[in-house]
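# Structure assessment
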Amino acid sequence: MALAIDSLKTSFISPTPPLPLKPYKNLRSSQSPKKPRNLIIHCSIHPDPWSLSTGNRPKPISKNPKNHLSDDNARRIIKAKARYLSVLRRNQGPQAQTPKWIRRTPEQMVQYLQDDRNGHLYGKHVVAAIRLVRSLSARPEGSYNMREVMGSFVAKLSFREMCVVLKEQRGWRQARDFFEWMKLQLSYQPSVIVYTILLRVYGQVGKIKLAEQAFLEMLEAGCEPDEVACGTMLCAYARWGRYKAMLSFYSAVQERGITPSIAVFNFMLSSLQKKSLHVKVKDLWREMVDKGVVPNNFTYTVVISSLVKEGLLEESFKTFNEMKNLGFVPEEVTYSLLISLSSKTGNQDEAIKLYEDMKSRGIVLSNYTCASLLTLYYKIGDYSKALSLFSEMEKNKIVADEVIYGLLIRIYGKLGLYEDAKKTFEETEHLGLLTDEKTYIAMAQVHLKSRNYEKALTIMELMRSRNIWFSRFSYIVLLQCYVMKEDLASAETTFQALSKTGLPDAGSCDDILNLYIKLDLLEKAEDFIFQIRKDQVKFDMELCKTIMKVYCKKGMLREAKQLFQEMVTNGLIKNSEFVQTLSMVMLEESGRPDYGDDTVVTLNQIDTMALELMLRLYLTVGNAFKIEEILKMLLKAAGGLQVASQLISKFNREGDMSKAQSLNDQLVKLGCRAEDASIASLISLYGKQHKLKKAIEVFSAVEGSPTTGKLIYISMIDAYAKCGKAEEAYRLYEEVNDKGIEVGVVALSKVVHALANCGKHQEAENVIRTSFQNGLELDTVAYNTFINATLEAGRLHFADSIYERMVSLRVAPSIQTYNIMISVYGRGRKLDKAVEMFNKARSSGVALDEKTYTNLIGYYGKAGKSHEASLLFREMQEEGIKPGKVSYNIMINVYASAGLYHEAQQLFQAMLKNGCSPDSLTYLALIRAYTGSSKFSEAEETIMSMQNEGVPPSCVHLNQLLSALTKAGFTEEAERVYYKLLSAGLSPDVACYRTMLRGYLEYGYMEKGISFFEQIRESLEPDRFIMSSAVKFYKSTGKERESEAILDSMKSLGIPFLKNLEAGSKTKTP
């Protein structure tokens, strides 16, 4: 811009003709005029060494010497000479274009030998000057004087040779200083050539200020700038991004009538494009075309790129076609940009046509082009072509980048190829390309589509751990993960983080609102709606539907009408059958506005979801008139009855029986009947809540109908079973069979299960045998139910035969089947068969569970094989199955039965260490282990520690210790423990009383026995052993009257006396 301002003072920018050239003053102007004449004679005798001699003698001096060559002619000769020398260098062979003979005068030969050119481009003294000036670059500025340095070359270099030296300089400082020295030489004459060389040097290193000063100096010297000089200056501006100064200078060039070459225009266009000034590129392009400058390949490439980036599709393709018509082959980047623009503007056919054109020309695609095409195929859903393109990339060895891998992941996700998507993601990570947030998000969305929110969350956590910035879209996907997981706290936290990035989008609001509805948090949903209304979130149709769902569930009629009016105001009614249907319900006939024929819905266009929501709303409000009106409207629509039936089922799933029953009654009133599945769900709900009378009412209303399906019968059988009416379930099952209605194995299983639970084992067996006789095809669940029922009935042989039948019919056993059969053989004391069944389960490929291992461990313990049980328990842990409370209890009991208290104690500690809290049965097993090994103090400490652990000891724990003490003869110790625990608040039961009295009786503590009996007799229910022991105590101490009184009481109560009781049957240990 400095030049643009300063140049206003010059004749170059002025529209007036330039001033005449100023006379050039050299340093020897004081010398006589004869000297220049002698120089002219000398020059005519000694031709310029740049020219080749023709061999003729020099012509005599003309009386009228020719004028000096103009700058343009001089430049033409220099360029021609350069081309000639280039041809000489290229053709060093038998066909070399060299003169066969060059005849020189003796003086010319002397000069030729002195120059020592020997075929080189420059003479020896020129090369020396070039090297000398270049060497100054190693010295700091101001440390040398160019006049002193070049002192030996004064009067030895011609003007042309000085231009050569200037052109060959690499440093701008040396070029500047040498140029200043040049101007002091006698052979120097101001010329546009020398200034152009200087401009080029300054332009190459970005010394724009110096270039501007040199250009102004050229003007002041009277040198008229030509096309090359102006082009050099324009290129300098373009190279260094000075586009404002460049455009100003270009305007001045236009005013002078100078048209730059295509190379200069290319520089300018490229510079403007780099600054993203695509409009200026387009304008300059048009000016260039108007001036008749012929563009080349590079020009078209730059211009098309700018047109594409401006989104000018039509003009881009027009220029592209013009380029091809002129015979230019477009570059890959040009195709790539046009394909990308076509994809974005929806011009898919044109993009594919361009791709085919590229292939026909053999142009290898770049990553960017492949990414654009993959994006196009992804948008239009042509996944086969996308995968084919990827295969072609591999064939042509085009290395995929992260963008392409991300697109592949999305495509695999759309196709449901989740494993391929996962492998692609892992390959991207392995190649070290996994850096972009979009790739992580693509993989997370694939997992979400497969309903695998845990893996999606793992991807998001991996992204966070690598400090990859979470964008707004990342928070949206993370919110979707937590909503799918139903993790309310995390979802709310993520929504807050999303809100900090800006106003939340309607989709995210819809997601979290649906989560509130799913978790039945309608109050929170209402508060959330209030907040997003306050924040002025823009609602879309889906969010409006979800908000309307909340209002209808809560019976918020006023708010629902308000939302409907807002939807109408926003113009949604013209494009939405949902809103139009709402208008048919919420507005009276006279109040409905006329939206035109194109907005009135027919019965086939009614939005059933809208009617369902309105039904729910008015059912909650209790407006029977509206309910009937909506139902009539719904039943006239296609699939209306199905919608009403589904709504009944929804009410049943939500546990809202009153709405379900009310809707069902309305349907009956209108002469319709809900679908079997809905009626069955209503009966099942009543059965679960043990409202058998209500279930029977619903069932009775449809029982006589010939269209009543088996679902209703199955649900009623189930309701009878859940309400403990196994006989009624069995009766209904037989009635259904008599009618020839096949209720299937589900109902059969329910009947057998109900009969077995009620102890009706014979009836259950009859049902099983009948099903076998009728050849009913049973599934695995039915066989499991049958085997389990016979196991509970103690019919072990029959259970075994059912299993054999199951195997013979090739019905695949489940893990439950193997568990039940292990119990069958275990109870039958067939341990070998139980182990065989366990091995069958292991070899069948069915995943063994904790129950399978625990079942066999228990039977090992009962058989006294504690070592085998211990090995199996260890194997279970090695297989990755974490033992639960039941497993620990059974194993501790096994150790207790074997008298291995130390192992039991260690296992108890391991249980605590693994975070498994012991329960009452765990402590009982540990006390058994201690008492079995006569570790009474440890058993007592265990009972006392139970309260500290929050597990209250029961009479069973106390009796276990008391029994062990009395059997060991420590009656007094048992008495101490009894009273200690009694004072601690434990209330002994009858079993504890019997244990204490037995100890007193067997070891002859008669007085203590009488005393203990008299303490407990007031709170004691009549018990045969206790009363018989009391009779023995009184008789042994001579208290016959008290003894007879107890005997009379026993007789009156019908309690027989135990005659085999013997006082002092065991000798007391001293």
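Above: the structure in question.
Anyway, here's the lowdown on the structure attached to this text.

Conventions we followed
- Residues numbered from 1 in each chain as written.
- Predicted model: local features only at pLDDT ≥ 70, side-chain atom pairs only at ≥ 80, totals over all residues.
- Heavy atoms only, no water.
- Helix = DSSP H or I, 4+ residues; strand = E, 2+ residues; numbered from the N terminus.
- Buried < 20%, exposed > 50% of the residue type's maximum accessible area, 1.4 Å probe, protein only.
- Contact = heavy atoms within 4.5 Å.
- Areas by Shrake-Rupley, 256 points an atom, 1.4 Å probe, with all protein chains shown as cover.
- Axes fitted to C-alpha atoms, helices over the stretch in contact; angles between N-to-C directions.
- Parallel < 35°, antiparallel > 145°, perpendicular 65-115°, else oblique.
- Left-handed = near helix turned anticlockwise from the far one by under 90°.
- Nonpolar A, V, L, I, M, F, W, Y, C, P; charged D, E, K, R; others polar.
- Salt bridge = Lys/Arg side-chain N within 4 Å of Asp/Glu carboxyl O.
- Phe/Tyr/Trp six-rings, centres within 6.5 Å; stacked < 30°, edge-to-face > 60°.
- Lys NZ or Arg CZ within 6 Å of the ring centre and 35° of its normal.

## Some details on the overall build of the protein chain
When helices and strands are counted, the protein chain shows 57 helices and zero strands. A total of 1070 residues make up the protein chain; the buried ones form 45% of that total. Pairs at least 24 apart in sequence give 63% of the contacts found in the protein chain among residues at least 6 apart. When the accessible surface of the protein chain is totalled, it reaches about 56,200 Å², and 51% of it is carbon and sulfur.

## Regarding the side chain of T817
Mapped onto the secondary structure, T817 falls in helix α44 (residues 815–827). Here T817 is in contact with T780, N784, I787, Y803 and M806, once residues within four sequence places are set aside.

## As for the packing of helix α35 (residues 657–669) against helix α36 (residues 676–688)
Look at α35 against α36: their axes get within 11 Å of each other, and the N-to-C directions meet at 140°. Relative to α36, α35 is oriented oblique. Seen along the crossing, α35 lies across α36 with a hand that is left-handed. Only I679, L682, L685 and Y686 of α36 make contact with α35, whose side of the interface consists of M657, A660, Q661 and N664. Looking at the contact of α35 with α36 residue by residue, the classes come out as six nonpolar, two polar and no charged.

## Things to note about the pattern of salt bridges
Applying the stated criterion across every chain, the model contains 40 salt bridges. Note that D177 is salt-bridged to R176, the shortest N-O span being 3.2 Å. In this structure D177 comes out as buried when scored by relative accessible area, which is 16%. The partner of K980 in a salt bridge is E940, with the nearest N and O atoms 3.1 Å apart. With a gap of 40 residues between them, K980 in helix α53 (residues 971–983) and E940 in helix α51 (residues 936–948) connect regions that are remote in the sequence. If you follow the salt bridges from partner to partner, you end up with E141, R173, R176 and D177 in one network.

## Observations concerning the packing of helix α5 (residues 124–135) against helix α7 (residues 159–167)
Running from N to C, α5 and α7 point in directions that differ by 40°, and their axes come no closer than 9 Å. Overall, the two elements α5 and α7 adopt an arrangement that is oblique. Relative to α7, α5 is oriented so that their crossing is right-handed. Residues H125, V126, A129, I130 and V133 of α5 touch α7, and the partners they reach there are E161, V164 and V165. Broken down by class, the residue content of the contact of α5 with α7 amounts to six nonpolar, one polar and one charged.

## Describing the environment of Y453
For Y453, the location among the structural elements is in helix α24 (residues 453–465). Taking relative accessible area as the criterion, Y453 reaches 25% and is therefore assigned partly exposed. It is 9.6 Å that separates the C-alpha atoms of Y453 and L478, two residues lying 25 residues apart in sequence. Among residues more than four places away in sequence, those in contact with Y453 are L448, C481, M484 and K485.

## A few points about the packing of aromatic side chains
For the coordinates displayed, the defined rule picks out 29 aromatic pairs. A ring pair is formed by F495 and F528, whose centres lie 5.2 Å apart and whose planes are at 65°; its orientation type is edge-to-face. Residue F495 is located in helix α26 (residues 488–500), and its partner F528 is located in helix α28 (residues 522–534); the two are separated by 33 residues in the primary sequence. Assigned by exposure class, F495 and F528 land together as buried. Measuring from centroid to centroid gives 6.5 Å for Y1000 and Y1005, while their planes differ by 75°, and the two rings are edge-to-face. Like Y1000, the residue Y1005 is buried in the burial classification. One residue, R464, lies across the ring of F470, its end atom 4.6 Å from the ring centre. Sitting over the ring of F772, R805 keeps its end group 4.1 Å from the ring centre.

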